[in-house]
Number of protein chains: 4
Amino acid sequence: MAGSSFGTILKVTTWGESHGPAIGAVVDGCPAGIPLEEADFESYMNRRRPNGGPFSTKRTESDRVEILSGVFEGLTTGTPISLLIRNSDHHSGDYDNLKSLFRPGHADFGFTAKYGIRDHRGGGRSSGRETAARVAAGAIAAKALRLLGVTFETRVISIGGIPFEESEKIASFIEECRARGDSAGSEVECIARGVPSGIGDPVFDKLDSRIAQGIFSIGAVKALEIGDGIRASSSFGSENNDAFYMEDGSVRKLTNHAGGILGGISDGSDIRLHVFFKPTPSISLPQQTVSLEGSDVPLTIRGRHDPVIGPRAAVVVEAMTALVLFDSMLLNMTARFSRIQDFYRP
Amino acid sequence: MAGSSFGTILKVTTWGESHGPAIGAVVDGCPAGIPLEEADFESYMNRRRPNGGPFSTKRTESDRVEILSGVFEGLTTGTPISLLIRNSDHHSGDYDNLKSLFRPGHADFGFTAKYGIRDHRGGGRSSGRETAARVAAGAIAAKALRLLGVTFETRVISIGGIPFEESEKIASFIEECRARGDSAGSEVECIARGVPSGIGDPVFDKLDSRIAQGIFSIGAVKALEIGDGIRASSSFGSENNDAFYMEDGSVRKLTNHAGGILGGISDGSDIRLHVFFKPTPSISLPQQTVSLEGSDVPLTIRGRHDPVIGPRAAVVVEAMTALVLFDSMLLNMTARFSRIQDFYRP
Amino acid sequence: MAGSSFGTILKVTTWGESHGPAIGAVVDGCPAGIPLEEADFESYMNRRRPNGGPFSTKRTESDRVEILSGVFEGLTTGTPISLLIRNSDHHSGDYDNLKSLFRPGHADFGFTAKYGIRDHRGGGRSSGRETAARVAAGAIAAKALRLLGVTFETRVISIGGIPFEESEKIASFIEECRARGDSAGSEVECIARGVPSGIGDPVFDKLDSRIAQGIFSIGAVKALEIGDGIRASSSFGSENNDAFYMEDGSVRKLTNHAGGILGGISDGSDIRLHVFFKPTPSISLPQQTVSLEGSDVPLTIRGRHDPVIGPRAAVVVEAMTALVLFDSMLLNMTARFSRIQDFYRP
Amino acid sequence: MAGSSFGTILKVTTWGESHGPAIGAVVDGCPAGIPLEEADFESYMNRRRPNGGPFSTKRTESDRVEILSGVFEGLTTGTPISLLIRNSDHHSGDYDNLKSLFRPGHADFGFTAKYGIRDHRGGGRSSGRETAARVAAGAIAAKALRLLGVTFETRVISIGGIPFEESEKIASFIEECRARGDSAGSEVECIARGVPSGIGDPVFDKLDSRIAQGIFSIGAVKALEIGDGIRASSSFGSENNDAFYMEDGSVRKLTNHAGGILGGISDGSDIRLHVFFKPTPSISLPQQTVSLEGSDVPLTIRGRHDPVIGPRAAVVVEAMTALVLFDSMLLNMTARFSRIQDFYRP
């Protein structure tokens, strides 16, 4: 089944394995006339890149995005934008001992149960490497949104349960984690500002519903909150309802417990998400697992792995949110017949 | 935009407003040969029905599901199954004073911002009433799943933050809530047992990704956890990874922190979800809002409303999960070419 | 597999069998604010209705379209429009002798091969009756198009190879056909005027590609021509190319061999289709067939059947074309980023 | 709008412009375990390649298909197969004089009307060059079908109305055409043998309906016949109906006027299509057109162009048919619940 496409008007298809020659994305349905150059991808790709700092793998990825189609003389043309990112720095050999094993916490067993075959090198298709293609695609959506007045603020909230602003504590926590071959969970917040009201479609394509699909499609995500999230489940209606009021001729809300979405449709306030990642499943502590042949075997994973997922995945959260928001804004243009009449008036 | 359809092979389309003549669902792509009669819907519909008990509205809904097509001589035929549920017990008059107001916590403002028009009676399309159609559709999926060995256990975990098993405390809490015209949040757990391994599709159609879309399409859901959920974000990889082992020739896991899904594909253990609902937004305490004309106005909502959403929404959670699981199991049948060759071997 | 839905933004789902209690359509994604009442369906439904005249069955169908949702105070609301058409005048008994046979030229064998089960009464889902639901849905699209300046001219061109304007010859031809228990093929032309240029999407969703899907989804269609159609295959480029020229500041074409579509995108001239129907497969002449049990058996079909399909199917051709055109016009609104910026400019 | 994807389970997305660095296709949803190597594409690509013979352009295209993902150790893995074909032999300069003109018979005007911008070099996205990507994708479907017992026979039937077997007449006709700078129309027949009965989905996803979408998505197609096609519209039911009979325990048909599809579902006999192409719109005879600025201007097209489309497009017809057939066979696997029970039986 074809699960590598996302979106309705703006449709992104990603492809590629961790240790193949390249990965990429095709962004179809992108409106014509958006200024776009390879440099537009850089800041996004940089946020995802391992920086050799405390949170990331030592693997280096240059991750230059090549535009193969859909852009002419610096503008999108409305035709599919094919983006290519070459893989480099292969250490496929690192994975030879994993060929006939299922790594705990990974997709290895699921892929084998499903397909009867898998590219075991570095997780193949289920590798975090795949998200580079989404980030490239999301950079286009984010650029279009910025031109439409929508901006993002995305940051790591906590690592291993420790608030991220307590930076020294975090640094030593990560260092200890890495030193003993372990990994830690993390939490990311993403806020989208400037989203107009009216975006999102009842019933199954509610804005939160589509965001949720996008966010849970990121490997390692185990929970999502919108607005107050879990806290709403222990509050009263009199606390949780956001009162409306008028300001400068616009409808505003006194509070934003809802996180910017009511009944699946944006209400004009900030859209606020909290995303929770499990710890990196690749740890170098000894683990117990089974082999393809069906025997219990001990496992020790070698290779270079991020000890925590959130710091590099924050931009992936933002990219998926941007893809949903831009697509939903495009879909929203046909909601009122009077505007369609205006559009086609001779 | 068409947001009222859900699913790929098994495609459900719901329609209808709270105070129109009827609501319904069309279930297309349902395989032929499933025994189905109107009684099959009863237990599901009963779980959603207000029972006059402490958690629910006094509005009565008989909610008999009429099958208009797709079933012949007691078996599904493979053609679309049209399900009709008549609306009754209208008190549209209850909503007259809400016609020109936006109720806090409701979709009123979003619908108006989007469409410039709305059926204000009882929330119209955004009413919880819509979920009756999904529950009817979900009953078909649940029946098919049961015949395939998949069962559900779904229950309310907490109300207003109070564990549901503390029943006396809950009852008095709800009573107080109702008495002062307020409402409370709630939490529901849904466990699916017997799902084979290999179900779900990388990348954007991961099993958790599709479940998330389904769950967040239920009004009032503000958070979703899969497996350990938020807890995973503060744990270590050495704790969170589920070790594999062999038992009776099958691959098993020693623990199930993952909640039955690894890398977006089922691993054969229980699929476990926690769903968090905000408090019912319709409260009879005085609130502040604005009118269609753009003035600040006070609001007092009359009418009959559940003081808490979880107890009646639990079956909606189960229904959406069943729809995703059955559809994903159908999609999974084409994953391996060798099985396709077996299927078409003369 | 779910094959009963059609369209991307404007999505139509039909349901129902010939001899069940009702058939219907759900039209989702219809923009809000289109004036719509049950009377809007009448002229369309009347064109499809058997009129007791020479071309049609004696079965009577009142075919009143009931609107169950999506319209409030005379305007579409943007939510799904559920349309219901009750079946009446059942003569299911007419079909008892066909229960265990495959009628030549019908879908009986295909449905049985596929599903292993079928509702044999009157063709069940594969009955021409199903098209009543599409015509109802198409009436909404046609109304919207009319308000946008697009009109249709649809007519029967020939029956049994005889030009339709030779009316006397046609009448006697049909009468002879019916008298000897036979049926005849037919040809329908549909012209859409006023379609703006730029409608349709490269590559697989070309306007002609989507029209072709819609037209061939009408039972009994065996050929489709766009513009000059087959004639183009024996002409020269110097004849077939339509020269452009300017008139009143607009781009026009001197000729319209292309039938209004170039490279899959409308060019502003009339869109012109020719649709070819096979003869009604239900004939009362003796035929040879096989039984469900696998024996050769003779067959004589009783019951009331149109001797020719085109006259009643003309409005179905128009309805499908209208659905494609309106959907494509909606899709086209997001083609240029500058217009999206205009739309969302505060 | 995203029109560059095709298919439901097996989903093909093509990208690329005629004079960009490359074109390509992503084939998602392809079952795992199909043997595939780059050589598998060769015979298909060769049939599309200009051979310097009488029917084709002098432009040379090596058209090697590179597999960038989805194949591991010679087998498909179930993940998206990314295919890349580099463009070479650019003569972009040939198109400089066309930058500000609309070529008659081409998509130039439509693209400009739609997007307000276009890559004018060699037709950009609307170039016949795009079909190379589909042919590569179709080669995978064709290989899978061959392993399932389905084969194709595809050939040119006529050029300029002259039967193709009259080879000498054809050769001199083409030579004259080319000599005077003109082009000619053509007709292609495609027969698929060995398709099992039961393939295709009522109502809108009928097998003929999906084939029609695929065929009309090929540029320059102006008509499609299935089975007897237009001839059926002037025949009698007693002639056109195909009688069923039993042979060796199987249901067979005495004739095949239907072309292998009844009621949208395959009946086990040969599927037979006739496809009609207009003449190549690029002719070097003087033409009349208009400029981007809105003036009437004369036009003479230089550059290398095929004088007739059918000979190279025959394999494109076969590729699109293969994509539809394989996808429809995959979709068909979920039609019967008893088979789903067999599939999932522990």
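None of these values were measured; they are calculated from a predicted model.

Describing the pattern of salt bridges
All chains considered together, the criterion is met by 104 salt bridges over all chains. The closest approach of N and O atoms between Asp63(B) and Arg129(B), which form a salt bridge, is 2.9 Å. In this pair, Asp63(B) sits in the loop between α1 (42–48) and β4 (66–67) while Arg129(B) sits in the loop between α2 (108–115) and α3 (131–147), placing the two residues 66 residues apart along the sequence. Each of the two residues, Asp63(B) as well as Arg129(B), counts as buried. With its nearest N and O atoms 2.5 Å apart, the salt bridge here joins Lys253(D) to Asp267(D). Residue Lys253(D) is found in strand β13 (residues 250–253), and its partner Asp267(D) is found in the loop between β15 (265–266) and β16 (271–277); the two are separated by 14 residues along the sequence. Given a relative accessible area of 5%, Asp267(D) falls into the buried group. By sharing partners, the salt bridges in this structure join Glu38(A), Arg64(A), Glu66(A) and Arg86(A) into a single network.

Digging into the relation of the copies chain B and chain A
It takes a turn of 180° to lay chain B on chain A, together with a shift of 0.0 Å along the axis; the resulting RMSD is 0.0 Å. What the rotation and shift describe, once combined, is the action of a two-fold rotation axis. Relative to the rotation axis, the closest C-alpha in chain B is found at Gln213(B), a distance of 2.4 Å.

Quick notes on the pairing of strand β18 (residues 296–299) of chain A
Residues and elements named next belong to chain A. Pairing geometry for strand β17 (residues 287–290) and β18, over four bridges, is antiparallel. Across the sheet, Val-290 pairs through a bridge with Asp-296, a residue of β18. Taken together, β17 and the strand that follows it, β18, pair antiparallel across an intervening segment of five residues, in which Gly-294 is found at a positive phi of about 90°.

Considerations on the interface of chain B and chain A
Between chain B and chain A, the residue contacts involve 105 residues of the former and 105 residues of the latter. In total, about 8300 Å² of surface goes out of reach between chain B and chain A, with carbon and sulfur atoms giving 62% of it. Where chain B meets chain A, there are two salt bridges. When the shortest N-O distance is used, the salt bridge between Lys114(A) and Asp201(B) registers 3.7 Å. For the pair chain B and chain A, the interface holds 49 residue pairs in polar contact (both at pLDDT 80 or more). The greatest single-element share of the side of chain B that touches chain A, amounting to seven residues, is contributed by α2(B). The residue makeup of the side of chain B that touches chain A, split by class, is 47 nonpolar, 40 polar and 18 charged. Summarising the sheet, strand β11 (residues 221–226) of chain A and strand β11 (residues 221–226) of chain B pair through three bridges and their orientation is antiparallel.

Considerations on the layout of surface pockets
By volume, the largest pocket is sized at about 480 Å³. Ranked by the residues each element gives to the lining of the largest pocket, the list is headed by helix α8 (residues 337–344) of chain A, at three residues.

A closer look at the packing of aromatic side chains
Counted according to the given criterion, the structure contains 32 aromatic pairs over all chains. Geometrically, the ring pair formed by Phe343(B) and Tyr344(B) is edge-to-face, given 4.9 Å between the ring centres and 70° between the ring planes. Ring centres of Phe102(C) and Phe244(D) lie 6.3 Å apart, and the angle between their planes is 65°; this geometry places the pair in the edge-to-face category. Taken as a pair, Phe102(C) in the loop between β7 (81–86) and α2 (108–115) and Phe244(D) in strand β12 (residues 244–247) lie in two separate chains rather than in one. This pair shows no difference in class: Phe102(C) is buried, exactly as Phe244(D) is. Members of the aromatic cluster, connected to one another through ring pairs, are Phe102(A), Phe109(A) and Phe244(B). Positioned above the aromatic ring of Tyr115(D) is the side chain of Lys114(D), whose terminal nitrogen or guanidinium carbon lies 6.0 Å from the ring centre. Here the basic side chain of Arg180(D) rests over the ring of Phe236(C), its NZ or CZ set 4.4 Å away from the ring centre.

The rules behind the values
- Residues numbered from 1 in each chain as written.
- Chains lettered and ligands numbered in written order.
- Predicted model: local features only at pLDDT ≥ 70, side-chain atom pairs only at ≥ 80, totals over all residues.
- Heavy atoms only, no water.
- Salt bridge = Lys/Arg side-chain N within 4 Å of Asp/Glu carboxyl O.
- Helix = DSSP H or I, 4+ residues; strand = E, 2+ residues; numbered from the N terminus.
- Buried < 20%, exposed > 50% of the residue type's maximum accessible area, 1.4 Å probe, protein only.
- Least-squares fit on C-alpha atoms with pLDDT ≥ 70 in both.
- Pairing = 2+ DSSP bridges.
- Contact = heavy atoms within 4.5 Å.
- Buried area = accessible area lost by both parts, 1.4 Å probe.
- Polar contact = N/O pair within 3.5 Å; in protein donor to acceptor, adjacent residues only side chain to side chain.
- Nonpolar A, V, L, I, M, F, W, Y, C, P; charged D, E, K, R; others polar.
- 1 Å grid on protein atoms, 1.4 Å probe; cavity = no way out; pocket = protein on both sides within 12 Å on 5 of 7 lines; lining within 4 Å.
- Points joined across faces, edges and corners; volume = space filled by probe spheres on them.
- Phe/Tyr/Trp six-rings, centres within 6.5 Å; stacked < 30°, edge-to-face > 60°.
- Lys NZ or Arg CZ within 6 Å of the ring centre and 35° of its normal.

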